[in-house]
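# Fold and contact review
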Amino acid sequence: MTLLEVRNLEVTYAGGAQAVRGVNLSVEAGQKLGIAGESGCGKSTLALALLRLLPKDAEVTGEILLNGEDVLAMKWGRVRAVRWAGASIVFQGAMHSLNAVHRIGDQIAEPILLHKKATQEGAKKKVAELLEHVGLPATRANAYPHELSGGQRQRVMIAMALACEPDLIIADEPTTALDVMIQAQILRLIEQLVAEENLGLIMISHDLAVLSDTCDRLSVMYAGRVVEEGPALQVYEDAVHPYAKALSAAFPTIGDPASRFAPRGLPGDPPDPSALPSGCTFHPRCPVALDVCASEDQVLRIAGPGRRAACVHVGSAEVAATEVEARSTTA
Ligand SMILES: Nc1ncnc2c1ncn2[C@@H]1O[C@H](COP(=O)(O)OP(=O)(O)O)[C@@H](O)[C@H]1O
Ligand code: SF4
Ligand SMILES: [Mg+2]
């Protein structure tokens, strides 16, 4: 059975912001899906929606099937259980997610005591195992969050996410606040744990290079929609959608001579989700937009084996590639 299947997910915040619009995705056990996009594209909203962590007044429609069970139709008791034992989230910035006045061991033990109905002794043993599993000495259970480095705190967050043996881990910018060396260590740790337990992983980041290194498949989001999806390396190295192209060029591979000709990011910002542009929402920023793009909405179309993209140029992708390069070298 597919571990996670999301069908036509839509999220509209109370103020009218259409943060997620018709997202479809699926994750199998052992599969690592990366979700990329600039800040404000709806990535965190999507992650929070998966476990019903959005504000109550947000309108959520569609289907979220976790192990075949619709998360949106669950009673609250079931949702709480599923948040630990079905899927769990690792957030960015562990300092804000950990409670400053409690020892980390007690914080990791809490869900184990609650959801696994373990004894105090059993939970203590499990905490020690988890800490060692994420590369921390078991004695760190007695430490308070402020006594740990940023990387160590993120390891604690990962231990906590694993506490009730979930099938799926959702990691929302898990390394963004860390320096590059520690970032690489944490990514390797996540990869190792996911492989060992055959877990599903959804990794969210604005950095396509990080995602292509860690994930099997990539979905690139823009203005609440998936605009390109496919095998991670192909999307990173040879994106079809002009937005995905610009995003991958913003994080060039070090030492790649071709990256010298790539645009340094995109001018402008993603649109306000409560006042989206007409047609293809990317058209005001798109270097290869046609007249029709301002009025015609684009849905995902086949862009190769296992690949899809939502652009009028899909089918004539070479033309788009040449034009993007031409503009960036003359700019
Ligand atoms: N609680 C909220 N209420 C209203 N709008 C929100 C809320 N949270 C996020 N948004 C808006 O939804 C859009 C998507 O945000 P978010 O999902 O955080 O994007 P990302 O994680 O890709 O940066 C943004 O325009 C943001 O301002
Ligand atoms: S549909 Fe048009 S505006 Fe949208 S990405 Fe393609 S070329 Fe650009
Ligand atoms: Mg976010």
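Residues numbered from 1 in each chain as written. Chains lettered and ligands numbered in written order. Predicted model: local features only at pLDDT ≥ 70, side-chain atom pairs only at ≥ 80, totals over all residues.

Okay, the overall build of the chain next. Of the regular secondary structure elements, the chain holds 11 helices and 12 strands. Scored against the burial criterion, the 331 residues of the chain give a buried share of 45%. Counting only contacts in the chain whose residues sit at least 6 apart along the sequence, the fraction spanning at least 24 positions is 62%. (Helix = DSSP H or I, 4+ residues; strand = E, 2+ residues; numbered from the N terminus. Buried ≥ 20, exposed ≤ 12 C-beta atoms within 10 Å, placed from the backbone. Contact = placed C-beta atoms within 7 Å.)

Time to look at helix α1 (residues 43–50). Of all 8 residues in α1, 8 are buried, a share of seventy percent or more. Within α1, burial applies to K43, S44, T45, L46, A47, L48, A49 and L50. Looking one or two residues beyond α1, the residue adopting positive phi is R52, at roughly 55°.

Here we have 4 strands laid out as an open sheet, ordered β2-β1-β4-β5, and antiparallel in their pairing. This sheet does not close on itself; its edge strands, each paired only once, are β2 (18–27) and β5 (69–70). In this fold α1 packs onto β1 (4–12), β2 and β4 (59–66), with an angle of close to 60° to the strand it touches most, β2. (Pairing = 2+ DSSP bridges. Axes fitted to C-alpha atoms, helices over the stretch in contact; angles between N-to-C directions.)

So, on to the environment of K126. Note on placement: K126 falls in helix α5 (residues 120–133). Through-space distance from the C-alpha of K126 to that of A163 is 7.9 Å; in sequence the pair is 37 residues apart. Apart from residues lying up to four places away in sequence, K126 is in contact with I112 and A118.

To continue, consider the site of ligand 2. Surrounding ligand 2, one finds 14 residues, the nearest of these being C280, H283, C286, C293 and C311. Of the residues contributing to the shell around ligand 2, the split by class is 10 nonpolar, 4 polar and no charged. (Near = placed C-beta within 6 Å. Nonpolar A, V, L, I, M, F, W, Y, C, P; charged D, E, K, R; others polar.)

Here we take up the site of ligand 1. Taken together, 14 residues lie around ligand 1, and Y13, A19, K43, S44 and T45 are the ones closest in. Considering every element that reaches the shell around ligand 1, the biggest residue donor is α1, with 3 residues. Of the residues assigned to the shell around ligand 1, the class counts are 6 nonpolar, 7 polar and 1 charged.

Let us look at the confidence of the model for the chain. Looking at the chain, pLDDT values average 88 and 90% of them are 70 or higher. Low pLDDT, under 50, characterises residues 257–263; the predicted model gives this stretch 12 contacts beyond four residues in sequence or across chains. (pLDDT = per-residue confidence, 0-100.)

Closest axis-to-axis distance for the helix α6 (residues 150–162)/helix α7 (residues 180–197) pair is 10 Å, and the angle between their directions is 15°. As summarised for this structure, α6 and α7 are arranged roughly parallel, according to the angle between their axes. Two packed elements cross with a definite hand, and for α6 against α7 that hand is right-handed. Every residue of α7 that contacts α6 at G150, G151, Q154, R155, I158 and L162 is listed here: I182, Q185, I186, L189, I190 and L193. Of the residues belonging to the contact of α6 with α7, the class tally is 7 nonpolar, 4 polar and 1 charged. (Parallel < 35°, antiparallel > 145°, perpendicular 65-115°, else oblique. Left-handed = near helix turned anticlockwise from the far one by under 90°.)

Turning our eyes to something else, we now look at helix α4 (residues 104–115). For α4, built from 12 residues, the straight-helix expectation of 16 Å at 1.5 Å per residue is met to within 8% by its first-to-last C-alpha distance of 18 Å. Looking at the buried residues of α4, the elements they touch are α2 (76–85), α5 and α6. After α4 finishes, the residue K117 shows a positive phi value of roughly 50°. (Expected span 1.5 Å × (residues − 1).)

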